[in-house]
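# Per-entry structural report
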Amino acid sequence: ISGDPAGAGLLGMCEVFFDTVLLCPLTALAILVAVPDPHSYTSGMALVLSSIGAPLGSISACLVVVCMTAFAFSTVICWYCYGSRCLSFLGIRGGIPYMLVYLISTLAGIFLSDRMLIAITDHVLLLLTTLTVLAIMKNSDRLVRLSENSGLHGYPK
């Protein structure tokens, strides 16, 4: 898939579908069904553990830890690759400096509060989105040629 942009896009769409359409509603349903007063919890993780712990018992904590670790690890890898690709499309070589900044930022996230981490994450996603838009604008002629060669119609000549 690494050499096929359409395959990479399809994989990205599947990730968003599974996270947003399947996992989020299932988690919300588990919370609504199993927890009588969700507002009494101070932490989102405690709420999820309580809701999943109701039907599964003591194994639920291990299950949630494994799932959250896998989700966090895949997100860290995805965002690293996403930022690296955005920089390469803009003609900027990230290399070792980018990797070090990313690694240090990721490790620093361990010590931040939930609210601070979410705020920083929002800003990072804004930056990555901006880099993507800039890369698309910079490569727009090439994208039109690739689309026309692929048989897509409706692009101005």
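These remarks concern the structure in this document. (Residues numbered from 1 in each chain as written. Predicted model: local features only at pLDDT ≥ 70, side-chain atom pairs only at ≥ 80, totals over all residues. Heavy atoms only, no water.)

### Quick notes on the overall build of the protein chain
Selection rule: Helix and strand assignments come from DSSP, with helices taken as H or I runs of at least 4 residues and strands as E runs of at least 2, each series counted from the N terminus. Exposure is judged per residue with a 1.4 Å probe applied to protein chains only, and the accessible area is read against the type maximum: over 50% gives exposed, under 20% gives buried, and values in between give partly exposed. Only heavy atoms enter the contact rule, under which two residues are in contact if any of them lie within 4.5 Å. The protein chains shown are the only cover counted for residues, whose accessible areas, like all others here, come from Shrake-Rupley with a 1.4 Å probe.
For the protein chain, the helix and strand inventory stands at six helices and zero strands. Mapped in sequence order, the helices and strands of the protein chain form the string α-α-α-α-α-α. Within the protein chain, the proportion of its 157 residues that are buried is 15%. Sequence-distant contacts in the protein chain: of pairs separated by 6 or more residues, those separated by 24 or more amount to 35%. For the protein chain, the accessible surface area stands at approximately 11900 Å², while carbon and sulfur atoms represent 74% of it.

### A few points about the side chain of Ser60
By the secondary structure assignment, Ser60 is in helix α3 (residues 59-89). When neighbours within four sequence positions are excluded, Ser60 is seen to be in contact with Leu49, Ile52 and Gly53.

### Description of the packing of aromatic side chains
For clarity, the threshold we go by: Here is the rule: rings of Phe, Tyr and Trp (six-membered ring for Trp) pair when centre to centre is within 6.5 Å. Planes less than 30 degrees apart are stacked, more than 60 are edge-to-face, and the remainder are tilted.
The final tally for this structure, using the stated rule, is four aromatic pairs. With 5.6 Å between their ring centres and 70° between their planes, Phe17 and Phe18 make a pair best called edge-to-face. Ring centres of Tyr98 and Tyr102 lie 6.1 Å apart, and the angle between their planes is 35°; on these two criteria the pair is classed as tilted. With Tyr98 and Tyr102 both in helix α4 (residues 95-108) and four residues apart, the pair spans about one turn of that helix. A relative accessible area of 18% places Tyr102 in the buried class. Put simply, the rings of Tyr80, Tyr98 and Tyr102 pair up and form one aromatic cluster.

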